[in-house]
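This is what each chain is made of:
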Amino acid sequence: MSQDILKKQAAEAALDYVTGGIVGVGTGSTVNHFIDALAGIKGRIEGAVSSSEASTERLKSHGIPVLDLNAVGELSIYVDGADESNAQLQLIKGGGGALTREKIVAAASKIFVCIADESKLVKVLGKFPLPVEVIPMARSYVARELVQLGGTPAWREGFVTDNGNLILDVQGLAITEPAALEQKINNIAGVVTVGIFALRPADVLILGSQEGPKNLK
Ligand code: 5RP
């Protein structure tokens, strides 16, 4: 089975966790499969809170109402993909550049279900370049601070986030203490969000595999 089929398998398995109400929806190719599957049960949910303009467009194209997070209370569930996960379900996210809104919707949700193909499970986070969203005027300053932390940042040129900011992708960090590094990078002036999701990890990781979906908790 191809990687894309494994993503679809994980995405469809996530429907088991959708019990109604308002669903938080992440961003990316795996989530696109989830949105397509969610359309099949749209009569059972009130609507969705989206983490990006791209997901909003796809949700609307299926006739799924998209609600403002400020207009709703706690979400029952958030479903999103990841670039990497360790066994503790701490993640690297932001390959698609939607990390800030993703972190907000994850924080506002009771259960975070992460969906991915099995290649995303790693022993130590950091092989995937760590995305950091920065305020444009702070780009060089934040890059110098990230070098001090042992990383090699690269500006994702030509890319602007839905929030009007820039992304630095940081190579060379072996992230052995994800929660501590998340706090440290978040504390650099000019950083909007770092793509480490450790302070609020996933609650469930559904991995698409050749043997069928595997649920890690
Ligand atoms: C977007 C993300 C995505 O969840 C992550 O990049 C995984 O993407 P894909 O499902 O396409 O592999 O964090 O900001």
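Participant: Please clarify how the site of the ligand should be interpreted in this entry.
Facilitator: Surrounding the ligand, one finds 17 residues, the nearest of these being Ser29, Thr30, Asp83, Lys93 and Lys120. A distance of 3.5 Å separates an oxygen atom of the ligand from a polar atom in the side chain of Asp80. Between the ligand and the protein, one listed contact pairs an oxygen atom with a backbone N or O atom of Gly96 at 3.3 Å. Considering the ligand on its own, with 370 Å² of exposed area, one finds that the protein chains cover 91% of that surface. Taken atom by atom, the bulk of the ligand overlaps the largest pocket. Residues that form the shell around the ligand fall into these classes: two nonpolar, nine polar and six charged.

Participant: When you look at the side chain of Arg156 in this model, what are you seeing that I'm missing?
Facilitator: As for its placement among the helices and strands, Arg156 is situated in the loop between strand S8 (152-155) and strand S9 (166-171). Discounting chain neighbours no more than four positions away, the residues touching Arg156 are Gly94, Gly95, Gly96, Gly97, Pro131, Ile167 and Asp169.

Participant: How do you make sense of the sheet that holds S8 when you look at a structure like this?
Facilitator: Strand pairing within a sheet occurs via backbone hydrogen bonds; the two strands may be parallel or antiparallel. Pairing in this open sheet of four strands is antiparallel, and the strands run S8-S9-S7-S10 from one edge to the other. Each of the sheet's edge strands pairs with one partner strand only, and the pair in question is S8 and strand S10 (191-194). Neighbouring strand axes in the sheet, compared pairwise and without regard to direction, differ in orientation by 30° on average. One ladder, built from four bridges, connects S8 with S9; its direction is antiparallel. Bridge assignment links Trp155 to a residue of S9, and that residue is Leu168. Its contacts with the sheet put helix H4 (residues 99-107) on strand S7 (130-134), S9 and S10, and the angle it makes with S10 is roughly 65°. Taken strand by strand, helix H6 (residues 178-186) contacts S7 and S10, and its axis lies near 165° from that of S10.

Participant: Teacher, can you tell me more about a nonpolar patch on the surface here?
Facilitator: Judged by side-chain polarity, Ile135, Met137 and Val192 come together as a nonpolar surface patch covering roughly 310 Å² of accessible area. Locating Ile135 in the fold gives a position in the loop between S7 and helix H5 (139-148).

Participant: Hey, could you run me through the sheet that holds strand S2 (residues 47-50) in this one?
Facilitator: Spatially, the six strands line up as an open sheet ordered S2-S1-S3-S6-S12-S13, and their pairing is mixed. Every other strand in the sheet has two partners, leaving S2 and strand S13 (214-216) as the edge strands with one partner each. Averaged over neighbouring strand pairs, the angle between their axes works out to 25° when direction is ignored. Two elements, strand S1 (residues 22-25) and strand S3 (residues 75-80), share three bridges in a ladder whose sense is parallel.

Participant: What is the right way to look at the pairing of S2 in this model?
Facilitator: Both faces of the sheet carry side chains from a regular strand, because those side chains alternate between them. Burial of the side chains of S2 extends over both faces: Gly47 and Val49 are buried on one face and Ala48 and Ser50 on the other. Pairing geometry for S1 and S2, over four bridges, is parallel. Paired with Val25 across the two strands is Ser50, which belongs to S2. This β-α-β element, S1 to helix H2 (residues 29-39) to S2, shows right-handed connectivity.

About the cut-offs
- Residues numbered from 1 in each chain as written.
- Predicted model: local features only at pLDDT ≥ 70, side-chain atom pairs only at ≥ 80, totals over all residues.
- Heavy atoms only, no water.
- Near = heavy atom within 4 Å.
- Polar contact = N/O pair within 3.5 Å; in protein donor to acceptor, adjacent residues only side chain to side chain.
- Areas by Shrake-Rupley, 256 points an atom, 1.4 Å probe, with all protein chains shown as cover.
- 1 Å grid on protein atoms, 1.4 Å probe; cavity = no way out; pocket = protein on both sides within 12 Å on 5 of 7 lines; lining within 4 Å.
- Sits in = over half its atoms within 2 Å of the grid points.
- Nonpolar A, V, L, I, M, F, W, Y, C, P; charged D, E, K, R; others polar.
- Helix = DSSP H or I, 4+ residues; strand = E, 2+ residues; numbered from the N terminus.
- Contact = heavy atoms within 4.5 Å.
- Pairing = 2+ DSSP bridges.
- Axes fitted to C-alpha atoms, helices over the stretch in contact; angles between N-to-C directions.
- Patch = residues over 30% accessible without salt bridge, like charges linked within 9 Å, V, L, I, M, F, W, Y side chains within 5 Å.
- Salt bridge = Lys/Arg side-chain N within 4 Å of Asp/Glu carboxyl O.
- Buried < 20%, exposed > 50% of the residue type's maximum accessible area, 1.4 Å probe, protein only.
- Right-handed = clockwise from strand over helix to strand, strands pointing away.

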